[in-house]
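So the chains spell out like this:
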Amino acid sequence: MQPMQNIPARGGLNYDETPFLAIWEVTQSCDLACKHCRAAAQPIAHPDQLTTAEGKALIDQIAAMQVPIFVFTGGDPLKRADVFDLIRYAAEKGVKVALTPSATPLLTREAIFKMKEAGLVRLGISLDGSTPEIHDAFRGLPGAWARTIQAIEWANEAGIPIQVHSTISRHNAHDLDNLCALFEQLSIVMWNVFFLVPVGRGQLGDLLSGEEFEQVFGKIYELSQRVNFQIKTTEAMHYRRYLLQHNLEERRMGHGHPHAAAAAKEYEAGAPTSDAHARTTSWATRRVNDGKGFLFVSHVGNVYPSGFLPIHAGNVRQTPLAEIYRNAPIFKSLRDTSKLEGKCGACEYKEICGGSRARAYAVTGDPLAQEPCCVYQPRNWVPREEKEPAAVCQPELYPLVTL
């Protein structure tokens, strides 16, 4: 995910008008009880979730806005009986749909092949540990790890590109090397590294410190230079700052990743490249942020800047999606970097980073506050004494915001 303020993105998108990525929580129903769950999903579907007809109307709007990527998430999308019909409808409308199912008995080989036949373009699978002990404890269901590995094998058999999602917290930050080694044995196209936002069942005490963020950034950067799949971060906008700093330092020292700069330029221009490191770099230059090139539609049609930033901007049952995205006050504020507060507002990297607006809100109650888990000190930033503790994410300093 990455946007640009008032600047056309790759492919000509203006993120003030059209998001690069839209996510629809097709249901909150799910049979898992994951420790970090944003939705705090439950087994029974909400009686007021969008109907099939309303879902198709939403897809029509996504098609009209020409959103490049549309994701069905949950809960567990496979808990909706009409999910295959919705995938097929989207494909017929020219909308590229990805889907993120839960690793439950519903995720069968038959279901995966049926999604492929309906027109699914990518499957997002969550894998949070290199061993069953780590992953199953995280997901709250014994056997989830084995079922996830089996699903990846089935998706490869069906010819569906696989994107693996890992939520990084204190439970598994030590496991990144082993996770990456596992992914190299599997045929995946992207590893999406989520950095915890303490909403839903996500706990503030599981959040990494600012220094630990930097350590994980270093590990991701190292891994991205040698793996054959892309690595993308979510809710870690300051990884872009880290990446730029290290690319500049490597150029200054005269040793960078071979051909990465040229390949990244080719990718940004729309040319294909087999260089995974360059494609990873290109993701980090898109500038997407919560509400800025990104939107989230809930199971009942409420529209939010992201699934991790629960500030209601409107409902698709009453207001067209494009109008909400373009004109809702919260979306417009989040796209205006002059409104950022604290060191994010003073930072020379704010146009490419801007900090996680969702994490700022979860920790401070203010979506425009400075990123609470960033150690970087902007060149022109002179913090006032009373604001210094917020320079590093120290969970014990903040109460958990009730959402």
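What counts as what
- Residues numbered from 1 in each chain as written.
- Predicted model: local features only at pLDDT ≥ 70, side-chain atom pairs only at ≥ 80, totals over all residues.
- Heavy atoms only, no water.
- Helix = DSSP H or I, 4+ residues; strand = E, 2+ residues; numbered from the N terminus.
- Buried < 20%, exposed > 50% of the residue type's maximum accessible area, 1.4 Å probe, protein only.
- Contact = heavy atoms within 4.5 Å.
- Areas by Shrake-Rupley, 256 points an atom, 1.4 Å probe, with all protein chains shown as cover.
- Salt bridge = Lys/Arg side-chain N within 4 Å of Asp/Glu carboxyl O.
- Polar contact = N/O pair within 3.5 Å; in protein donor to acceptor, adjacent residues only side chain to side chain.
- Phe/Tyr/Trp six-rings, centres within 6.5 Å; stacked < 30°, edge-to-face > 60°.
- Pairing = 2+ DSSP bridges.
- Right-handed = clockwise from strand over helix to strand, strands pointing away.

1. Things to note about the overall build of the chain
Thinking step 1. Of the regular secondary structure elements, the chain holds 14 helices and nine strands.
Thinking step 2. Relative to its 403 residues, the chain shows a buried fraction of 60%.
Thinking step 3. For the chain, restricting intrachain contacts to residue pairs at least 6 apart in sequence, the fraction spanning at least 24 positions comes to 71%.
Thinking step 4. Total accessible area on the chain stands at roughly 16000 Å², and carbon and sulfur atoms take up 53% of it.

2. Points about the pattern of salt bridges
Thinking step 1. In the structure shown here, the tally under the stated rule is 17 salt bridges.
Thinking step 2. In this structure, the salt-bridge partner of D16 is R335, at a minimum N-O distance of 3.3 Å. Separated by 319 residues along the polypeptide, D16 in the segment before strand 1 (21–25) and R335 in the loop between helix 12 (329–334) and helix 13 (342–346) bring together distant segments of the chain.
Thinking step 3. Here D16 falls in the buried class, since its relative accessible area comes to 16%.
Thinking step 4. Under the relative-accessibility criterion, R335 is labelled buried at 4%.
Thinking step 5. Ionic pairing is found between E371 and R359, a salt bridge with its closest N-O pair at 3.1 Å.

3. Looking at the side chain of Q28
Thinking step 1. Examined against the element boundaries, Q28 turns out to sit in the loop between strand 1 and helix 1 (52–65).
Thinking step 2. Here the side chain of Q28 touches E25 through a polar contact of 3.4 Å, side chain to side chain.

4. Quick notes on the packing of aromatic side chains
Thinking step 1. Taken as a whole and judged by the stated rule, the model has 15 aromatic pairs.
Thinking step 2. Ring geometry for Y325 and F331: centres 5.5 Å apart, planes at 65 degrees, overall edge-to-face. F331 shares its class with Y325; the two are buried.
Thinking step 3. With a centroid separation of 5.6 Å and an interplanar angle of 75 degrees, the aromatic rings of Y349 and Y376 are classed as edge-to-face. Here the residue Y349 occupies a position in the loop between helix 13 and helix 14 (357–364), and Y376 occupies one in the segment after helix 14, the gap between them amounting to 27 residues.

5. Remarks on the pairing of strand 5 (residues 162–168)
Thinking step 1. Among the seven residues in strand 5, seven count as buried, and that is most of the element.
Thinking step 2. Of the two faces of strand 5, both are covered, the one formed by I162, V164, S166 and I168 as well as the one formed by Q163, H165 and T167.
Thinking step 3. Bridge count between strand 4 (residues 122–126) and strand 5: four bridges; the pairing is parallel. Looking at strand 5, one finds that L123 is bridged to I162.
Thinking step 4. Bridging between strand 5 and strand 6 (residues 190–195) involves six bridges; their strand directions are parallel. Bridging across to strand 6, H165 finds its partner in N192.
Thinking step 5. With helix 6 (residues 176–185) bridging strand 5 and the parallel strand 6, this β-α-β connection has right-handed handedness.

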